[in-house]
Amino acid sequence: MGELSKLPNLGKELERQLNEVGITTADQLIALGAQQAWLKIRAVDPSACIHRLYALEGAIQGIKKSELSPDKKAELKDFYSFYK
């Protein structure tokens, strides 16, 4: 396991997918943002779900995805629905 799996919500599989799309560090993930990182993952894995998007945002914020604010969850849900 590498650097990314040390972030909240990011296990080996999500880290592998991030690495596959060229995101290998926390700084890269933060700079790109959860939404753009999720779109990159979705391009290689069409089954990428909203929970993966929440996990990415939580990792960027340094919190569990369950601790995301209701406003942030609503924003991410709208984004996800657009691409669904």
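Note that the structure is a prediction, hence the values are computed from the model and not measured.

Points about the overall build of the chain
- Counting secondary structure elements, the chain contains five helices and zero strands.
- Along the chain, from the amino end to the carboxyl end, the secondary structure elements read α-α-α-α-α.
- Seen through its principal axes, the chain has C-alpha atoms that stretch 30 × 25 × 20 Å.
- Evaluated residue by residue, the chain yields a buried proportion of 37% over its 84 residues.
- For the chain, the share of sequence-separated contacts (at least 6 apart) that also reach a separation of at least 24 residues comes to 43%.
- Here the chain displays about 4,900 Å² of accessible surface, and carbon together with sulfur accounts for 52% of that area.

A few points about the packing of aromatic side chains
- For the coordinates displayed, the defined rule picks out four aromatic pairs.
- Ring centres 5.9 Å apart and planes at 70° place the aromatic pair Trp-38 and Phe-79 in the edge-to-face group. Here Trp-38, found in helix H3 (residues 34-44), pairs with Phe-79, found in helix H5 (residues 70-83); they are 41 residues apart in sequence, far enough to count as distant. Taken as a pair, Trp-38 and Phe-79 share a single burial class, namely buried.
- Taken together, a centroid distance of 5.6 Å and an interplanar angle of 65° make the contact between Trp-38 and Tyr-80 edge-to-face.

About the criteria used
- Residues numbered from 1 in each chain as written.
- Predicted model: local features only at pLDDT ≥ 70, side-chain atom pairs only at ≥ 80, totals over all residues.
- Heavy atoms only, no water.
- Helix = DSSP H or I, 4+ residues; strand = E, 2+ residues; numbered from the N terminus.
- Buried < 20%, exposed > 50% of the residue type's maximum accessible area, 1.4 Å probe, protein only.
- Contact = heavy atoms within 4.5 Å.
- Areas by Shrake-Rupley, 256 points an atom, 1.4 Å probe, with all protein chains shown as cover.
- Phe/Tyr/Trp six-rings, centres within 6.5 Å; stacked < 30°, edge-to-face > 60°.

Shape is all these values report; function is a separate question.
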